[in-house]
Amino acid sequence: MADLVSHPDEVKVVSKRFGKGATDIGRYLELDGYKAVQKALGMQPDAIVNLVKDSGLRGRGGAGFNTGMKWSFVPKQSAKPKYILCNGDESEPATCKDRLIFEHDPHAVIEGVVIAGIATGSHTGYVYIRGEYRYLLEIMQKAIKDAYARGFLGKNIFGSGYDFEVYWHGGAGAYEVGEESALMESLEGKRGIPRIRPPFPAVVGLWGGPTVINNAETLASVPHILLGGAEWFAKLGPPKNGGTRLFCLSGHLSRPGVYELPMGYNLKKMIYEVGGGIPNGRALKAVVPGGSSCPLLTAGEIDVAMDFDSMMKAGSMLGSGGVVVVDDTTCMVKFALRIMKFYQHESCGWCIPCREGTDWLKKTLTRFHAGGGVKKDIDNIQYLSENMLGRTFCPLGDAAAMPTISIVKKFRKEFEDHLEGRPCPFEKAGVGEPVLA
Amino acid sequence: MLTHYPTKRSVLVPTLLYAQDEVGYLNHEVIHEIAQRLELTDLEVINVISYYSMLTTKPRGKFNVQVCTNIACMLRGGEELLDHCKSRLGIGHKGTTHDGMFSLEEVECIGACSWAPAVQVNYDFHENLTAEKIDKILDGYKTN
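Since we're looking at a predicted model, the values are computed, not measured.

1. Brief notes about the overall build of chain A
Working step 1: When helices and strands are counted, chain A shows 17 helices and eleven strands.
Working step 2: What you see for chain A is a C-alpha radius of gyration of 22 Å, in line with the 22 Å of a compact globule of 437 residues.
Working step 3: Each principal axis of the C-alpha distribution contributes one length, and for chain A these read about 75 × 45 × 35 Å.
Working step 4: For chain A, the residues scored as buried account for 57% of the 437 residues in total.
Working step 5: When contacts within chain A are restricted to residue pairs at least 6 apart in sequence, long-range pairs at least 24 apart make up 72% of them.

2. Comments concerning the overall build of chain B
Working step 1: The helix and strand tally for chain B stands at six helices and five strands.
Working step 2: With respect to the three principal axes, the spread of C-alpha positions in chain B is 50 × 35 × 25 Å.
Working step 3: A total of 144 residues make up chain B; the buried ones form 42% of that total.
Working step 4: The contacts in chain B between residues at least 6 apart in sequence include a share of 57% that link residues at least 24 apart.

3. Focus: the interface of chain B and chain A
Working step 1: Taken together, the contact pairs 36 residues of chain B with 51 residues of chain A.
Working step 2: Going through the elements one at a time, helix 1 (12-23), helix 3 (42-49) and helix 4 (71-74) of chain B are the ones with two or more residues in the side of chain B that touches chain A.
Working step 3: Tallying contributions element by element places helix 1 of chain B first for the side of chain B that touches chain A, with five residues.
Working step 4: Considering only residue class, the side of chain B that touches chain A consists of 24 nonpolar, nine polar and three charged.

4. Digging into unusual backbone geometry
Residues and elements named next belong to chain A.
Working step 1: Cis peptide bonds are those with omega within 30 degrees of zero, and the linkage from Arg197 to Pro198 qualifies with -10°.
Working step 2: Tracing the backbone shows Pro198 in the loop between helix 8 (180-187) and strand 4 (211-215).
Working step 3: Put simply, Pro198 and Pro199 share a cis peptide bond, and its omega is 5°.
Working step 4: Inspection of the secondary structure assignment puts Pro199 in the loop between helix 8 and strand 4.
Working step 5: Its identity as a non-glycine residue notwithstanding, Phe158 has a phi of 55°, on the positive side.
Working step 6: The residue Phe158 is located in the loop between helix 7 (134-149) and strand 3 (165-170) in this model.
Working step 7: Note on Phe158: 16 C-beta atoms within 10 Å, which makes it partly exposed.

5. Things to note about the environment of Pro8(A)
Working step 1: Summarising the element assignment, Pro8(A) is placed in the segment before helix 1 (25-30).
Working step 2: Note: C-alpha distance between Pro8(A) and Gly159(A) (151 residues apart in sequence) is 41 Å.

6. Section: the sheet that holds strand 3 of chain A
Residue and element names in this part refer to chain A.
Working step 1: Pairing is parallel across the open sheet formed by four strands, whose spatial order is 3-2-1-4. The sheet terminates laterally at strand 3 and strand 4, the two strands that pair on one side only. With strand direction ignored, the average angle separating the axes of adjacent strands in the sheet is 20°.
Working step 2: Of the strand pairs in this sheet, strand 1 (residues 83-88) and strand 2 (residues 124-129) are connected by six bridges, and their pairing is parallel. Within strand 2, the position partnered with Cys86 by the bridge is Val127.

7. A short note on the pairing of strand 8 (residues 284-288) of chain A
Residues and elements named next belong to chain A.
Working step 1: Burial runs high along strand 8: five of the five residues are buried.
Working step 2: Note that strand 8 and strand 11 (residues 322-327) share four bridges and pair antiparallel. Within strand 11, the residue paired with Val288 across the bridge is Val324.
Working step 3: Two strands pair when backbone bridges link them, and strand 8 and strand 9 (residues 297-298) are joined in this way by two bridges, in the antiparallel orientation.

8. Considering the pairing of strand 3 of chain A
Working step 1: Bridging between strand 2 of chain A and strand 3 of chain A involves six bridges; their strand directions are parallel. Counted as the bridge partner of Thr124(A) is Glu165(A) from strand 3 of chain A.

9. Focus: the domain arrangement of chain A
All names here are of chain A.
Working step 1: Domain boundaries assigned for chain A yield domain 1 (25-235), domain 2 (244-326) and domain 3 (332-416).
Working step 2: Computed from C-alpha atoms alone, the centre-to-centre distance between domain 1 and domain 3 is 34 Å.
Working step 3: Listed as interface residues are eight residues of domain 1 and, on the opposing side, eight residues of domain 3.
Working step 4: Residues that form the side of domain 1 that touches domain 3 fall into these classes: five nonpolar, one polar and two charged.

10. Describing the sheet that holds strand 3 (residues 102-107) of chain B
Residue and element names in this part refer to chain B.
Working step 1: With mixed pairing, the five strands of this open sheet are ordered in space as 2-3-1-4-5. The sheet terminates laterally at strand 2 (95-96) and strand 5 (124-126), the two strands that pair on one side only.
Working step 2: As paired elements, strand 4 (residues 119-121) and strand 5 share three bridges and run antiparallel to each other. For Val121, the partnering residue across the bridge sits in strand 5 and is Asp124.

11. A short note on helix 7 of chain A
All names here are of chain A.
Working step 1: When the terminal C-alpha atoms of helix 7 are compared, their 23 Å separation across 16 residues agrees well with the 22 Å that a helix rising 1.5 Å per residue should span.
Working step 2: Turning to helix 7, its buried residues are Leu136, Leu137, Met140, Ala143, Ile144 and Ala147. In an axial view of helix 7, the angular spread of the buried residues amounts to 120°, which keeps them on one side of the axis. Away from its buried face, by an angle of more than 90 degrees, helix 7 presents the exposed residues Lys145 and Ala149.
Working step 3: In this structure, the buried residues of helix 7 make contact with helix 1, helix 5 (98-104), helix 6 (106-120), strand 2 and strand 3.
Working step 4: Backbone geometry just after helix 7 places Gly151 at a positive phi near 80°.

12. Points about the environment of His93(B)
Working step 1: Tracing the backbone through its elements, the reader meets His93(B) in the loop between helix 5 (78-89) and strand 2.
Working step 2: Sequence-distant contacts of His93(B), defined by excluding residues within four places in its chain, comprise Leu104(B), Glu105(B) and Glu106(B).

13. Considerations on the confidence of the model for chain B
Low pLDDT marks regions whose predicted coordinates should not be analysed in detail.
Working step 1: Averaged over every residue, the pLDDT of chain B is 97; residues scoring 70 or more account for 100%.
Working step 2: Across the interfaces of the predicted complex, the ipTM metric reaches 0.98, alongside a pTM of 0.97.

14. Regarding the packing of helix 14 (residues 352-372) of chain A against helix 15 (residues 375-388) of chain A
All names here are of chain A.
Working step 1: At a minimum axis distance of 10 Å, the contact between helix 14 and helix 15 shows a crossing angle of 160°. By the criterion of interaxial angle, the relationship of helix 14 to helix 15 is roughly antiparallel. Two packed elements cross with a definite hand, and for helix 14 against helix 15 that hand is left-handed. Counted together, Pro353, Cys354, Gly357, Trp360, Leu361, Thr364, Leu365 and Phe368 of helix 14 and Asp377, Asn380, Ile381, Leu384, Ser385 and Met388 of helix 15 form the full contact between these two elements.
Working step 2: A class-by-class count of the residues in the contact of helix 14 with helix 15 yields nine nonpolar, four polar and one charged.

15. Concerning the nonpolar core
Working step 1: Judged by nonpolar contacts, the single largest core of 174 residues is most densely connected at Leu85(A), Val109(A), Ile115(A) and Val287(A).
Working step 2: Not counting the four nearest positions on each side in its chain, Val109(A) is found in contact with Cys86(A), Ile101(A), Phe102(A), Val127(A), Ala216(A), Leu219(A) and Ala220(A).

Quick notes on the rules
Going along each chain's sequence as written, the residues are numbered from 1 onward. Lettering for chains starts from A, numbering for ligands starts from 1, and both go in the order in which the items are written. Residue-level local features of this predicted model are given only where pLDDT is at least 70; pairs of side-chain atoms are given and counted only at 80 or more, and the full residue set underlies all totals for whole chains, interfaces and linings. Per the convention used, a helix needs a DSSP run of H or I reaching at least four residues, while a strand needs a run of E reaching at least two, with both numbered from the N terminus. Note that the radius of gyration is over C-alpha atoms, with the globule rule given as 2.2 Å times the number of residues to the power 0.38. Three exposure classes are used, based on other C-beta atoms lying within 10 Å of a residue's own C-beta, which is placed from the backbone: buried for 20 or more, exposed for 12 or fewer, and partly exposed in between. In this description, a residue-residue contact is defined by the distance between C-beta atoms placed from the backbone, which must lie within 7 Å. Amino acid classes used here: Ala, Val, Leu, Ile, Met, Phe, Trp, Tyr, Cys and Pro are nonpolar; Asp, Glu, Lys and Arg are charged; the rest, including Gly, are polar. Whether two strands pair depends on DSSP finding at least two bridges between them. Where helices are involved, their axes are fitted lines through C-alpha atoms of the stretch in contact, as for all axes, and angles between N-to-C directions lie from 0 to 180°. Where each domain starts and ends comes from a domain assignment, either automatic or drawn from a database. One less than the residue count of a helix, multiplied by 1.5 Å, gives the span that helix is expected to have. Arc definition: directions from the helix axis to the C-beta atoms. Confidence scores here are pLDDT values: one per residue, from the predictor, ranging 0 to 100. Any angle that falls under 35 degrees is termed roughly parallel, while one over 145 is termed roughly antiparallel, one within 65 to 115 roughly perpendicular, and all others oblique. Handedness of a crossing is defined here by the sense of rotation of the near helix relative to the far one, left-handed for an anticlockwise turn of less than a right angle and right-handed for a clockwise turn. Only buried Ala, Val, Leu, Ile, Met, Phe, Trp, Tyr and Cys residues enter a nonpolar core, and they are joined through C-beta atoms within 7 Å.

Set out below in structure tokens:
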């Protein structure tokens, strides 16, 4: 099953309680559980917001927006109720970390939700977990029930006079629903079509009320920050990129697994020392650094610090922490095709550039990989992707465009090797695909 | 669950999945019942169903074998695993065996990337798979 691994370079903050039975509320309390929320109840909301801001915690879902700053956008006064929404819709290809948090430390998520609520004046939180994670939804249901039983949730939590309700909510299969405005639509019982921004969720969110939406790992980090302090958390990583994060190593690696490393950890070191390098004597060809929505890196580009700002400078993104290692037995055209197939399937269909763009690109890449490509297809794939970028109603279009552009630019020769009806140089003999999509 | 939200409609998505778990698929009767209870039209409910990939309006096998072929699983034999399942079960993507025991689906990332290649059978995760392992696992479901 989802086995835990470890490495000496790990700095365990959000994974501190993994494997320690912390789904049991009694055990969670023994392991410093629910101390942070009680501390927060004794603080001014602005003080909590500033603490989280100063810690440098940035969204662990992929966008990397400063969490405290997001919380500060919630208006003090609101005619409509305010909400905290935990985004547990983890569906970014290569990402499997929130799964472990829900499995091993669900109370940390609950605690983070409540602290976010106290900081922003909200009294209701939802934990949205993707439909496929049914066993984790059941763990969360029990955790919530146990927290209510102890008076940690509901009316007058911890005897403080503050009310806070937390409800679970299960999805039913949709990547786009992980986009925060589509998440709200889904929670409201609709198709997960994103909303126009502005207004942003912190001002107009669930049922029109101000809503803070944070990734599960982001929220699970909050109690640790309350207890350890902003300075401690900030110093674990580079300036403005505080803390540690869960990295999901996968692909052609000897030791795939989820490891918690300080922000700014070197990617090359991560692949070779933590991940154990590439097995079977193969060579590294490419790396997906933070989930499939990021520009890929070549073997020559992996000497980079894995933090939000360094990765941006390197022309990619830290993203969701999903690191996929690709060796030299892999066809990059096929890889680009598989990525586009995903986005085409998951496109909500609302806006033309994404709906038509991902479909056109999938069809072109399918025909191209099967040997039916012509030279101008290569430039066209890049051109179509670049024209989707920044022109779609939500970032899914960008997510489809960015890896594609990087693969065409960095592996152009592989595209050229598929021209003139040549079979894919990497395909096993006799295994073919239909020429037309 | 209805008391958890300010609108009735908000329970729709999880309710549809729970209803499907019970009935096997979302047939007209179930759709109509849910629509009535939530004060929606049947069409509004159908429109939501069509968006979510786990929901189906067609009968399915007792065990739905969902094979991930997204990038991390693809690199570790996910496609070969899918082909193996197609062969063994004698069905393709979204097919159902004659005895109604198994359905097969090629799915997108299920969040098991570090334990790839991975499969879900209904809600059960099966990871670090090989053809031999999946055979044993499917045998296990068959005898159940």
